[in-house]
Amino acid sequence: MDFNINNFVESFIYGMKYFPNTLRLVFIPLGVGLVLGTAAALVRVYKVPVLCKILAFVITVYQGVPIIVALMIYNLIFMMKYNDFAAFLHLKGTIADVDQIWIGIFALSLTAICSISEAIRGALLSIDKGQDEAGYSVGLTKIQTIYRIILPQMIPVAIPMLTNHVVGLIKASSVVMAIGIIEIVAGATIPSSRTYSFFEGYVAAALIYWIFTVMIEYLAKILRKHTGRFRRNLYD
Amino acid sequence: MGKLFEWSRFFENIPKILPYLTVTFSIVFYGTIFGVLLAVFIVLIQIKKIRVLYQISKVYVSFMRGTPMLVQLMLIYYGLPAIIDPLLGTSINRDWSAVVFAYVTFILNQGAFLSVIFYSAVTSIPYGQTEAGLSVGLTYYQTFIRIILPQMIRVALPPFGSDLVGLFQGSSLVFLIGVTDIMGRAKTIGSATKHVLEAYVFDVIIYIIISLAVRLLFWYLNKRLDYTNGRRTGGKEGTPWIST
């Protein structure tokens, strides 16, 4: 077996150079997903008429779409239509001025919203209905009850599921290399196309992802202990 | 350049893409069947706590869960020849079709993911059940088959279903190593006719139908296997298959 350690190190360094791109591809969708996903989950749990039915349908259907297929379609539409769109809005600049990473962020955000809203919804449903009633009975409004009573209890329940989704996002972010965005995998294989050491390149990429996900899981464990400390070790 | 999307092209593509659905299904089929075998093997190691193998299995599962499917696919695609060729003097990159690498990747990947599901299912059954079985004179093997396994399947079923949905979606990556599945076919249609959007949209519809069908199937199985008749509280017994 021929494993060239020098090529491996070079690939590792190249991969780390594009690590910030992966961070953007993970944490911007995560932020969007947390805000809009929580909103969608609240709409569905508190059964806002019409909207909750539409969201249930859209989220269920969209979860059936593989991220790579969605990405290819968005990329295609973007390539074909951006110039028309920019002309329509009188924007300056053409397609060449737009960083393609935003297509990846857009696709990953949609996926994140769907999966995170499911996680938050599960956590919200785990909170007893009596908690809402208790909140109303002491004169809190609906918003106050959600914000002060329900959300703080929901967070420690949601964290394990959310961690899975963050790890899922990290892993999903690798598919954006298919439309030419350079992140860890594409970065780590830049030296490989010169030296033809693709195996070393992908081992380097795998190692970076592995370290990253193990770290995230460790951080989540600490965070859950911290946010759930009032639960008297129910889940620890 | 004509219109971006045209229904006539969409319907023309259907007979061209549909035959390649078998490739997607074969990847999922082999991945699940041999993945289950590998997972059972890993769970046995972890429950019996066999030394050295136990640590190896932990690292293996962590690696498979912590790295993207895409990277694993590429690692197998470039790594398997790098390991096997010098040993046997073959050149498997040329001799094997690309889909074999996809099979190997999905079997290894599913083995790890399913082992986690099975392990937590086995450990969710209280040890008292095993003791009860042994105390009435069943052998260890009989206890497992008759007492533990039926309860375990019930617990493992919902996560197994969502894993299967994920597996179908993950199989859409194999076109990146040159396997012609429904995505790969869409790409070849695209390069032949310069119109790829219709083919992609058809693929999306196929994936959505598969995902909904798998969910429906597992919702039904879950209901059929509910021996408690809904007495068990806190479970998902009463949930409709699309939760509103």
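Quick caveat, the model's predicted, so the values are computed rather than measured.

**Details of the side chain of S11 of chain A**
Residues and elements named next belong to chain A. Mapped onto the elements, S11 comes out in helix α1 (residues 5-17). Taking the relative accessible area as the measure of exposure, S11 reaches 1% and is therefore buried. With residues near it in sequence (within four places) discarded, S11 still touches A188, P191, S192, E200, G201 and A204.

**Quick look at the side chain of D132 of chain A**
Residue and element names in this part refer to chain A. Assignment of secondary structure puts D132 in helix α6 (residues 129-137). No salt bridge is formed by the buried D132. Its closest oppositely charged neighbour is K129, at 5.4 Å. Every residue in contact with D132, bar those within four places of it in the chain, is listed here: Y46, T145 and I150.

**Some details on the interface of chain B and chain A**
For an interface, size is often stated in terms of accessible area lost upon the parts coming together. With 41 residues of chain B at the contact, the number on the chain A side is 36 residues. Both sides together, the interface formed by chain B and chain A hides about 3,500 Å², and carbon and sulfur atoms give 76% of it. Summed over the shared surface of chain B and chain A, the number is 0 salt bridges. Elements supplying a minimum of two residues to the side of chain B that touches chain A: α3 (53-66), α4 (69-88), α9 (182-193) and α10 (197-224) of chain B.

**So, the state of the cysteines**
Every disulfide links exactly two cysteines, by a covalent bond between their sulfur atoms. Evaluated as defined, the whole model comprises 0 disulfides over all chains. Considering cysteine sulfurs only, C114 of chain A is the nearest to C52 of chain A, which forms no disulfide, with 16 Å between them.

**Looking at the pattern of salt bridges**
Residue and element names in this part refer to chain A. Throughout the structure, instances matching the rule amount to 5 salt bridges over all chains. When the shortest N-O distance is used, the salt bridge between R44 and E118 registers 2.9 Å. Placement of the pair is R44 in helix α2 (residues 19-45) and E118 in helix α5 (residues 101-125), with a sequence separation of 74 residues. We classify R44 as buried; its relative accessible area is 2%. Linking R121 and E118 is a salt bridge whose minimum nitrogen-to-oxygen distance equals 3.9 Å. Highlighted residues: R121 and E118, both in helix α5, separated by 3 residues, approximately one helical turn. With relative accessibility at 10%, the residue R121 sits in the buried group. Accessibility expressed as a relative area gives 24% for E118, which makes it partly exposed.

Here is what the cut-offs are and how they apply
Residues numbered from 1 in each chain as written. Chains lettered and ligands numbered in written order. Predicted model: local features only at pLDDT ≥ 70, side-chain atom pairs only at ≥ 80, totals over all residues. Heavy atoms only, no water. Helix = DSSP H or I, 4+ residues; strand = E, 2+ residues; numbered from the N terminus. Buried < 20%, exposed > 50% of the residue type's maximum accessible area, 1.4 Å probe, protein only. Contact = heavy atoms within 4.5 Å. Lys, Arg positive; Asp, Glu negative; His and termini not counted. Salt bridge = Lys/Arg side-chain N within 4 Å of Asp/Glu carboxyl O. Buried area = accessible area lost by both parts, 1.4 Å probe. Disulfide = S-S within 2.5 Å.

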